[in-house]
Structure formats: C-alpha cells, structure tokens
Amino acid sequence: MCGILAIFSAEGQPIEAQSFQGSEHSLRELAYRQSGKQRHRGPDDTGVEVISEQGVALVHERLAVIGVQTGHQPLYSQDGNIALIVNGEIYNYLELTRQIAKHLPGYKPKSDSNVLIELYEQHGQELLQHITGMFAFVLYDRRRRQILVARDPFGIIPLYWGKDARGNLWFASEMKCLVDVCLVELQVFPPGHLAAGNVKQLQPVSYHKPSWKEIIPTQPVNLQELRVQVELAVRSHLQCDVPFGALLSGGVDSSLIASIAARVMRERDANYKLRTFSVGMVGSPDFEHARMVAEHIGSQHTEIAFNVEDCLDGVRDLIYHLESYDVATVRCSLPMFYLARHVKSTGIKMILSGEGADEIFGGYLYFHKAPDYEQFHQEMITRCEQLHVSDILRANKVTMSKGLELRVPFLDTALVDYVMSIRPQDKIPGQLNEFSGERKWRMEKFVLRQAFAGDYLPDAVLWRQKEQFSDGVGYALIDALPEFSARHVSDAQLQMAEKRFPINPPKTKEAFYYRSIFEEQFPSEAAARTVEKWAPRLDWGCPEDPSGRAQAAHEKAYGKC
C-alpha cells in the first residue's frame, strides 16, 4: 500500500511554472510538494515522472511490501509508452503472471502491480474484470493521451480527485494533497468505478455490478462452502515479502482472520508463530478475549495498553490523518491510531484485520431492529456502499499514517459477492432468523460463527456478542469523549452550529469539537462535503449514538449496567 498523486493539464499542454504559497513552482516541484503531505504512506521511496510537453506529473510514495527490491514506481510498459502508479495490492497477480507469460515468454513482473500494464495492453479498461485486490491506480498512455483511473469495488484504498483554478485535473490518495489547490471542485472518487479517456472526457462509471445489489437473494447458506470461501480469502491476502502480523481485538471477526492465517502459515512452517497485537485499557473486555485467542492459536502476542489521556492527546493529529469529522469514525480510530505506531515500531509492515464482516453478515447490534428481510438486506448494501467513508477509511488512513499496510480479507471481492448472495433469512439477527428453516432468535453473524464451530476459536470468543471497537477497548474512553469535548464547546456555540456549519451541521458538542478541528485543518466547503455520517437507522427506532452500548441488544446497554 502506498500513496499516489497525479496532475493532468486541462488542455494537454505544458503547465508553466506558477506562484504557489509565495514561491515559484515548476510542475515537478508542485507535484512533489503536494504529494509530500501524504509521504507517511510511502516512507520507503518516492518516484516521480513528469511528461512536460503534455502537462502530466505522476508521483508515487512507496511502502515496499511485495517486490521490495524491484517494485519502484512509476512502472512502465516495455516500450515506455505507458506509465502507471498504483496504491494497493493485486492478490491474483501470480495467476495473472502465468496467463501473461503465455503471450510474453519469460515475463516476470517487478511487483504485483506490474501486471496491470500488460492487462491494459491486452484488454484496455476491461482489465478491471480480470483483477482482484485492493487498489487505486492512475495509468497514462502517452501515445494516445488517454488516462485510466480506477478504484477497488469497496473503496479499501482511498482516492480523491478535483480541478484547480486552471482546470487541471488532480488525483491523490489523501485529500490533504488537494485541498489547497482544488478549492471548489474536490470529491471522493467512487469505489467500484473507473474513468477512462482524455482529461475532458473523464467521468466515473461503475464496473462492479453484482446481482445482490439488484435483487433479494434466495440462496440458503451452505456452512461448509462459507468456511471454504473465508479461508480462501485469508489465504489470498498472505502474499507478502516483509514481516506481518494480525490485529486481535478478541471479537469473532479479527480472531477468525488470525486463526486461519496461523493455520495457513503453519502449512509452510510447522513452527510458525503469527505476531498478534491487541490494544485497550487495563481490564478492557478486548484484552481478556484476545488472550484466549492468542493462547488457542499459539501466536506471539503483544498487548498495548493506553489510558484515556493518551487517546485524547491524539485527537487533533488523528483528524488530520483521518480527514473526517464523523463521530463514530473518530471514536473507533483513536485506539487504532495509538496501536499502529507501536506495531510499526516492531518492524511489522503489514497487518491483517477483521473489518467488513459486520457489513456483509449484518453484524451491527442495531440490525436486531430490522423490521423485515428486505430492509435488512438493503441496509447491508448501504453499509457496504458506505464502507469507504467509515470503517475502511478509518482502517486505511490510521494505519497508513504510520506507514503500516492493513489488509481486510472479509472484503475480498469474491467473498463479499458470495456472502451477500446468501438469503437474508439466514443472516438476520434476532427473532426473524430462519437458518435451516427454523425460525427462532439467533445472535448477530450466526452463520459465520456456526461455519467455524469446532477448534478454530474458543467458544467464549466464537459466540461473544458484537462490540464496537471503540467500546471493546474500554468503556471509559467512549464515556470520556463527550465530557472532554464539552470543555471546548459552549452551549452558545452549539446553538449556532447550523449557521457556522451548514454542511452536515453537528448536533452534539462532541461532533462540534471534531468539526471545528477539521475546519481548521481543511478550511473549504468542498472538503466538508467529502465526509459522510455513520449512524444506526433512526427510522427503526435506534438511537443516534453510534456506540454499540446505545443499542438495546447490547448486554451492557446504557441503563442496564
């Protein structure tokens, strides 16, 4: 995983030197300077390509994970015509390499991303139908003056785009690179979309159109096949040329990923010990359950403990890296922000995590309030479509702020398509569940848990109730954040929130505080519009508070303890 930045002249002509923030900048200097704001994403190497006569600049900030010695970017076609910058991983690149070698004997890619060039030469923009992975890339065909930009189906990898005052087109992995040049036109490039053509033609179009978005699935779950699909997803995510580990919250999602990864790696080395990491406050629910898992799978486990003040200290820095003011996203990011720094200090460069399972299995506690199967399925679709502005945005940007790549096997495209094609009657939590044709109350993510019943995990973890990450690390943190925010926001300020922040006006002092910090760091309406709010379904009778403990289904819901 890396960082990319691209600039394309509005007219395809040279971009002359210009004054920027008080000094003269050539195109190369401007591109390098702006990409420097995301250089934390690629601490290993910076690559720059400038095609002056066409007004094109490509910058790549590299975190070397695959092809460490050979994968410098930009990458080029054999004749030098095509230049490519990629942020992400192509998980089926070995299979694709074998296919390409049939046409190009002796073909050896410099990295997993290299195969995109040969696929483009063979298939054009249809190459998106051949790859699986997490990615955002910009490809430039200088002979045809054509651009191809694409982002993975669920937006695991961030990508923004915009236009400057001269109409030049910009792309970057992080918004901070664009916010002071694309003052009016600045947007999130949508997941599952590509844009192809010249600068004036580029418009995102969807390339990922699964049937589960159009119809309510009717296929009953097959637990054995579900287990196989999850294991295949984890196996595909283990290609790595550097030390890696797994985050272990003690919840079922991250614990299953760690358990499967440990099994796969022991196929290669019977004495292999997976490195696992947990974060929390002393006595947190997550620590207790993570220890059980670590002992069960025989991992080399590390606990990183923090207190409330440790997390509060990082709020301002976190919002800068997160590029969001959404309350749920900020809350969940704080402990991970603290964790990522420690993990990277151990020499780990890639980490596995369990994000995505709640969206595709209907695991959030508010799903217990779903009134029927159709609305339950539609809400899962909505959650999948919003991953790139909530959980996955958090997971990617927080870890990459420390130069740590995070991989999410539950969001493997094939796995998502399989799980989302299971009928909602089998997945819905609560009284409406009809697994195996028997309607009775079942807990959230029942089919996932049942598929791995046996010796994968201790029962106390396999059947542990869903905890929001920000809750599980220690309830005191979530309890402290509103009080901490209230010290910075007066009643009078909150009453004027809609006037000060007409875009997504905050309704609580906590939300107001985060929004104020965001505005200070990214002072434009265009930046504010890139943020979306994560909240349970109010029309289902759910409280607006994103904490899992705000939901009645939680064992320790507010008012029960």
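Before any of the text, the structure's been laid out above.
Residues numbered from 1 in each chain as written. Predicted model: local features only at pLDDT ≥ 70, side-chain atom pairs only at ≥ 80, totals over all residues. Heavy atoms only, no water.

### A word on the overall build of the protein chain
Summing up its helical and strand segments, the protein chain has 22 helices and 19 strands in all. Here the C-alpha coordinates of the protein chain stretch approximately 65 × 65 × 45 Å along the principal axes. Buried residues in the protein chain amount to 62% of all 561 residues. By sequence separation, contacts in the protein chain at least 24 residues apart represent 70% of the contacts at least 6 residues apart. Element-wise, carbon and sulfur atoms account for 48% of the exposed surface of the protein chain, whose accessible area totals about 21,400 Å². Treating the 61 positive side-chain charges of the protein chain as one cloud and the 71 negative ones as another, the clouds have centres 1 Å apart. (Helix = DSSP H or I, 4+ residues; strand = E, 2+ residues; numbered from the N terminus. Buried < 20%, exposed > 50% of the residue type's maximum accessible area, 1.4 Å probe, protein only. Contact = heavy atoms within 4.5 Å. Areas by Shrake-Rupley, 256 points an atom, 1.4 Å probe, with all protein chains shown as cover. Lys, Arg positive; Asp, Glu negative; His and termini not counted. Charge placed at Lys NZ, Arg CZ, Asp CG, Glu CD.)

### Let's talk about the pattern of salt bridges
One pass over the structure, following the stated rule, counts 34 salt bridges. Put simply, Glu405 and Arg407 hold a salt bridge, and the shortest N to O gap is 2.7 Å. Arg407 carries the same exposure label as Glu405, and that label is buried. One salt bridge connects Asp426 with Arg423, and the closest N-O pair in it is separated by 3.1 Å. Residue Asp426 shares its accessibility class with Arg423, and that shared class is buried. (Salt bridge = Lys/Arg side-chain N within 4 Å of Asp/Glu carboxyl O.)

### Some points on the sheet that holds strand E18 (residues 350-352)
Pairing is parallel in the open sheet, where five strands are placed in the order E17-E16-E15-E18-E19. The open sheet has two edge strands with one neighbour each: strand E17 (300-305) and strand E19 (405-407). Strand-to-strand twist of the sheet, defined as the mean angle between neighbouring strand axes without regard to direction, takes the value 30°. Of the strand pairs in this sheet, strand E15 (residues 244-247) and E18 are connected by three bridges, and their pairing is parallel. Within E18, the residue paired with Phe244 across the bridge is Met350. Where helix H9 (residues 327-345) meets the sheet, its contacts fall on E15, strand E16 (275-280), E17, E18 and E19, and the angle it forms with E16 comes to roughly 145°. (Pairing = 2+ DSSP bridges. Axes fitted to C-alpha atoms, helices over the stretch in contact; angles between N-to-C directions.)

### Observations concerning the sheet that holds strand E8 (residues 133-141)
As summarised here, the arrangement of the six strands in space is E6-E7-E8-E9-E13-E14, forming an open sheet in which the pairing is antiparallel. Across the chains shown, the open sheet's two edge strands, defined by having one partner strand only, are strand E6 (75-76) and strand E14 (205-206). Where strand E7 (residues 82-90) lies against E8, nine bridges are found, and the strand directions are antiparallel. Bridging across to E8, Ile85 finds its partner in Val138. In the packing of helix H3 (residues 115-123) onto the sheet, contacts are made with E6, E7, E8 and strand E9 (146-151), and the angle to E7 comes to roughly 120°.

### What about the nonpolar core?
Counting residues in each nonpolar core, the largest one holds 190 residues, and the members touching the most others are Phe8, Phe137, Val138 and Phe171. If we skip the residues at most four places from it in the chain, Val138 touches Ile4, Ala6, Phe8, Leu58, Ala83, Leu84, Ile85, Ile147, Leu148, Val149 and Phe171. (Core = buried A, V, L, I, M, F, W, Y, C linked by side-chain atoms within 4.5 Å.)

### Concerning unusual backbone geometry
Here Gln73 and Pro74 are connected by a cis peptide whose omega angle stands at 5°. Counting through the fold element by element, Pro74 comes out in the loop between strand E5 (56-62) and E6. Even without a glycine there, the phi angle at Gln21 is positive, about 50°. Position of Gln21 among the secondary structure elements: in the loop between strand E2 (18-20) and strand E3 (23-25). Taking the relative accessible area as the measure of exposure, Gln21 reaches 51% and is therefore exposed.

### A few points about helix H11 (residues 373-385)
Taking 1.5 Å of rise per residue, the 13 residues of H11 would be expected to cover 18 Å, and the 19 Å separating its terminal C-alpha atoms lies within 8% of that figure. Within H11 the residues assigned to the buried category are Tyr373, Phe376, His377, Glu379, Met380, Ile381, Arg383 and Cys384. Where H11 is buried, its residues meet helix H10 (357-361) and helix H14 (424-427). Among the residues of H11, the N-terminal cap falls to Asp372, whose side-chain oxygen and the backbone nitrogen of Glu374 are separated by 3.2 Å. (Expected span 1.5 Å × (residues − 1). Polar contact = N/O pair within 3.5 Å; in protein donor to acceptor, adjacent residues only side chain to side chain.)

### Comments concerning helix H4 (residues 223-236)
Between its terminal C-alpha atoms H4 stretches 20 Å, which fits the 20 Å expected from 14 residues at 1.5 Å a residue. Listing the buried residues of H4 in full gives Leu226, Gln229, Val230, Ala233, Val234 and Ser236. Contacts from the buried residues of H4 go to helix H5 (252-268), H10, helix H13 (413-419) and helix H15 (446-451). In this structure Asn222 caps H4, since a side-chain oxygen of it lies 3.1 Å from the backbone nitrogen of Gln224.

### A short note on the packing of H9 against helix H18 (residues 475-486)
Direction vectors running N to C along H9 and H18 enclose 125°, while the axes themselves pass 11 Å from each other. It follows that H9 is oblique to H18 by the angle criterion. At the point where H9 passes H18, the crossing takes the right-handed sense. Every residue of H18 that contacts H9 at Arg331, Leu334 and Pro335 is listed here: Leu477, Ile478, Leu481 and Pro482. Broken down by class, the residue content of the contact of H9 with H18 amounts to six nonpolar, no polar and one charged. (Parallel < 35°, antiparallel > 145°, perpendicular 65-115°, else oblique. Left-handed = near helix turned anticlockwise from the far one by under 90°. Nonpolar A, V, L, I, M, F, W, Y, C, P; charged D, E, K, R; others polar.)

### Description of the packing of aromatic side chains
Under the definition given, this model contains 26 aromatic pairs. A ring pair is formed by Tyr364 and Trp534, whose centres lie 5.1 Å apart and whose planes are at 70°; its orientation type is edge-to-face. Residue Tyr364 is found in the loop between H10 and H11, and its partner Trp534 is found in the segment after helix H22 (525-529); the two are separated by 170 residues along the sequence. In terms of burial, Tyr364 and Trp534 fall into one category: buried. Here Phe518 and Phe522 contribute two aromatic rings whose centre-to-centre distance is 5.1 Å and whose plane-to-plane angle is 55°, an arrangement assigned as tilted. Here Phe518 and Phe522 have matching classes, each one buried. Cluster of aromatic residues (ring-pair linked, three or more members): Tyr364, Tyr366, Phe367, Phe376, Trp534 and Trp540. Cation over ring: Lys176 sits above Tyr320, and NZ or CZ is 4.7 Å from the ring centre. (Phe/Tyr/Trp six-rings, centres within 6.5 Å; stacked < 30°, edge-to-face > 60°. Lys NZ or Arg CZ within 6 Å of the ring centre and 35° of its normal.)

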